[in-house]
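# Topology and contacts: notes
Residues per chain are reported as follows:
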Amino acid sequence: MPRAAKTANPRTADAPDTRERLLRAGLALASTRGLNALTVRAVAAEAGANLGSFVYHFGTRDAFVEALIERWYAPLMAGLQGAAQTPGDALSHLREAVLRLVDWVIANREFVGHLVLAASAGEGAARRFVSTMDQRHPVLLLQLIGQAQASGQLRPEPPLHVLLFLMSTLALPVPLFHLLSQKAFAPAAMLAQVQAYTTDRSHVEARLDWALRGLAP
């Protein structure tokens, strides 16, 4: 009599979506508790996976955190590259790209804050990510600034100086004031008002338009 086929154990079988579940679980944990919460056991438990599956897909915690950060970051680059393909002139492309960046920072401000803290604390994957920023979205933004300058729509200032001005006006306040609100370093009522200005789309667009008018030739 033929032997019955062995049924796979759902807790040990390596389902095709296990890698994705582990990454989703890691993103959830990192956004709420920080990258230091990404222990192998915690991520596996959150994903409903076993430790063997974690090791099979990522090998080490460091490799997992690196893959997680890249997975989290990929939509930003795709969005910024898409902005450069939208209808309009060079300045319109720059404006759209900056707005997409700020929208992404607002939506991901918890993760951004945790990433900055982790990098400053010496988290290897976070530090490696930050150390390659000169190969990431700032390069695309600098190209768009250069194109707007070449078309005569922005004054011919150093593109990096222009980028620092735009980011300090629009993007950097978002994680900064989010972190301050988490640490209660300032009066809550004041922080709530400031956060409204930093995260409300209409206020962001207003500041961007002020900045671009100020950078006009």
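What counts, and at which threshold
- Residues numbered from 1 in each chain as written.
- Predicted model: local features only at pLDDT ≥ 70, side-chain atom pairs only at ≥ 80, totals over all residues.
- Heavy atoms only, no water.
- Helix = DSSP H or I, 4+ residues; strand = E, 2+ residues; numbered from the N terminus.
- Rg over C-alpha atoms; globule rule 2.2 N^0.38 Å.
- Contact = heavy atoms within 4.5 Å.
- Areas by Shrake-Rupley, 256 points an atom, 1.4 Å probe, with all protein chains shown as cover.
- Axes fitted to C-alpha atoms, helices over the stretch in contact; angles between N-to-C directions.
- Parallel < 35°, antiparallel > 145°, perpendicular 65-115°, else oblique.
- Left-handed = near helix turned anticlockwise from the far one by under 90°.
- Nonpolar A, V, L, I, M, F, W, Y, C, P; charged D, E, K, R; others polar.
- Polar contact = N/O pair within 3.5 Å; in protein donor to acceptor, adjacent residues only side chain to side chain.
- Buried < 20%, exposed > 50% of the residue type's maximum accessible area, 1.4 Å probe, protein only.
- Phe/Tyr/Trp six-rings, centres within 6.5 Å; stacked < 30°, edge-to-face > 60°.
- Lys NZ or Arg CZ within 6 Å of the ring centre and 35° of its normal.
- pLDDT = per-residue confidence, 0-100.
- Expected span 1.5 Å × (residues − 1).

A few words on the overall build of the protein. Along the backbone of the protein there are twelve helices and zero strands. In the protein, the order of α-helices and β-strands from amino to carboxyl end is α-α-α-α-α-α-α-α-α-α-α-α. For 217 residues, the compact-globule estimate of 2.2 N^0.38 gives 17 Å, and the protein exceeds it by more than 25% at 21 Å. Viewed in the frame of its principal axes, the protein has a C-alpha envelope of about 85 × 45 × 30 Å. Sequence separation of at least 24 residues holds for 68% of the intrachain contacts in the protein that already meet a minimum separation of 6. Summing over all exposed atoms, the protein offers an accessible surface of approximately 11,800 Å²; the carbon and sulfur share of this is 60%.

For the rest of this paragraph, the subject is the packing of helix α4 (residues 61-83) against helix α7 (residues 124-131). The relative placement of two packed helices is expressed as an angle between their axes plus a distance between the axes. Interhelical geometry of α4 versus α7 gives an angle of 40° and a closest axis separation of 8 Å. As judged from the angle between their axes, α4 and α7 are oblique. Note on packing geometry: the crossing formed by α4 with α7 is right-handed. Side by side, α4 and α7 meet where Asp62, Val65, Glu66, Ile69, Glu70, Trp72 and Tyr73 of the first sit next to Gly124, Ala125, Ala126, Arg128 and Phe129 of the second. Class assignment of the residues belonging to the contact of α4 with α7 gives a composition of seven nonpolar, one polar and four charged.

The next point concerns the side chain of Glu123. Structurally, Glu123 is set in the loop between α6 (109-120) and α7. In terms of polar contacts, Glu123 uses its side chain to reach the side chain of Arg61, at 3.1 Å. With residues near it in sequence (within four places) discarded, Glu123 still touches Leu35, Arg61, Val65 and Ala118.

A few words now on the environment of Ser181. Among the structural elements, Ser181 can be located in helix α10 (residues 173-183). On the accessibility criterion, Ser181 (27% relative accessible area) is partly exposed. Sequence separation of Ser181 and Ala192 is eleven residues, and the distance between their C-alpha atoms is 8.1 Å. Contact partners of Ser181, with chain neighbours within four places excluded, come to Leu191 and Gln195.

Assignment of secondary structure puts Thr18 in helix α1 (residues 18-33). A relative accessible area of 1% places Thr18 in the buried class. Among residues more than four places away in sequence, those in contact with Thr18 are Ala49, Ser53 and His57.

Moving on: the packing of aromatic side chains. The final tally for this structure, using the stated rule, is eight aromatic pairs. When the centroid spacing of 4.9 Å and the interplanar angle of 85° are considered together, the rings of Phe58 and Phe64 count as edge-to-face. Each of the two residues, Phe58 as well as Phe64, counts as buried. Both rings, one in Trp72 and one in Trp104, keep their centres 4.7 Å apart while their planes meet at 40°; by these two values the pair is tilted. Placement of Trp72 in helix α4 and of Trp104 in helix α5 (residues 90-107) is noted, with a sequence separation of 32 residues between them. Trp72 sits in the buried class, given a relative accessible area of 7%. Over the aromatic face of Tyr73 sits the side chain of Arg136, whose NZ or CZ is 5.1 Å from the ring centroid.

Looking at the protein as a whole, the pLDDT averages 91, with 91% of positions reaching at least 70. The model gives residues 1-13 a pLDDT under 50, and that stretch makes four contacts with residues more than four places away or in other chains.

Attention shifts here to the environment of His178. By secondary structure assignment, the location of His178 is in helix α10. In the structure, His178 is positioned 68 residues away from Glu110 in sequence and 7.5 Å away in space, judged by C-alpha atoms.

Another aspect to go through is helix α8 (residues 137-150). Between its first and last C-alpha atoms α8 spans 20 Å; for 14 residues at 1.5 Å apiece the expected length is 20 Å, and the two agree. Turning to α8, its buried residues number three or more, namely His137, Pro138, Leu140, Leu141, Leu144, Ile145, Ala148 and Gln149. In the core, the buried residues of α8 are packed alongside α4, α5 and α9 (159-170). Gly152 sits one or two positions beyond α8 and adopts a positive phi of about 80°.

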